[in-house]
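Next come the chains, spelled out residue by residue.
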Amino acid sequence: QVQLVESAGGLVQAGGSLRLTCAASIRNFRSYTMGWFRQAPGKEREFVAAAHWSGATTHYADAVRGRFTISRYNVENMVYLQMNSLFPEDTADYYCTADPSSSIHVEVRMYDIWGHGTQVTVSS
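A. Focus on the overall build of the protein. Across its full length, the protein holds 0 helices and 11 strands. Reading the secondary structure of the protein in the N-to-C direction produces β-β-β-β-β-β-β-β-β-β-β. At 13 Å, the protein has a C-alpha radius of gyration in line with the 14 Å of a compact globule built from 124 residues. Each principal axis of the C-alpha distribution contributes one length, and for the protein these read about 40 × 25 × 25 Å.

As structure tokens, then:
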């Protein structure tokens, strides 16, 4: 069964940190580019970060670069998003996603597999 399961969202004060995790049940996991997107209430889903299969190549949205770090542990089919210096505007549902291509994309349509999301709320 192909699935992505996110966890470790929650409520945090502005300036705080959270580490999201994503457990992937995907055959040939290491061949996928893995990404994180987020969707705030009333807004479209937007790209946050992505990591190439090796984890050595990553890409970030301008809004999170320098504060968020994506990483992956292929041995255990895990993906992480370390979020530091959180702002109230980071409040959103965060989704783990997988792209079967070998390139990093920022478009929602390029990602085939999606988790159900985990909620992150940053209070001011």
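Resuming the write-up.
B. Region of interest: the side chain of Thr118. Checked against the element boundaries, Thr118 lands in strand β11 (residues 118-123). Under the relative-accessibility criterion, Thr118 is labelled buried at 11%. Among the polar contacts listed, one links the side chain of Thr118 to the backbone nitrogen of Gly9, at a separation of 3.2 Å. Among all residues touching Thr118, those that are not within four sequence positions of it are Glu6, Ser7, Ala8, Gly9, Leu20, Ala92, Asp93 and Tyr94.

C. Inspection of the sheet that holds strand β7 (residues 68-73) at higher detail. Spatially, 4 strands are ordered β1-β3-β8-β7 in an open sheet, and the strand pairing comes out antiparallel. Edge positions in the open sheet fall to β1 (3-7) and β7, since each of these has one partner strand only. With direction set aside, neighbouring strand axes in the sheet form an average angle of 15°. As defined by bridge partners, β7 adjoins strand β8 (residues 78-83) across 6 bridges and the pair is classed as antiparallel. Opposite Arg72, over in β8, you have Val79 as the bridge partner.

Each value, and the rule that gives it
Residues numbered from 1 in each chain as written. Predicted model: local features only at pLDDT ≥ 70, side-chain atom pairs only at ≥ 80, totals over all residues. Heavy atoms only, no water. Helix = DSSP H or I, 4+ residues; strand = E, 2+ residues; numbered from the N terminus. Rg over C-alpha atoms; globule rule 2.2 N^0.38 Å. Buried < 20%, exposed > 50% of the residue type's maximum accessible area, 1.4 Å probe, protein only. Polar contact = N/O pair within 3.5 Å; in protein donor to acceptor, adjacent residues only side chain to side chain. Contact = heavy atoms within 4.5 Å. Pairing = 2+ DSSP bridges. Axes fitted to C-alpha atoms, helices over the stretch in contact; angles between N-to-C directions.

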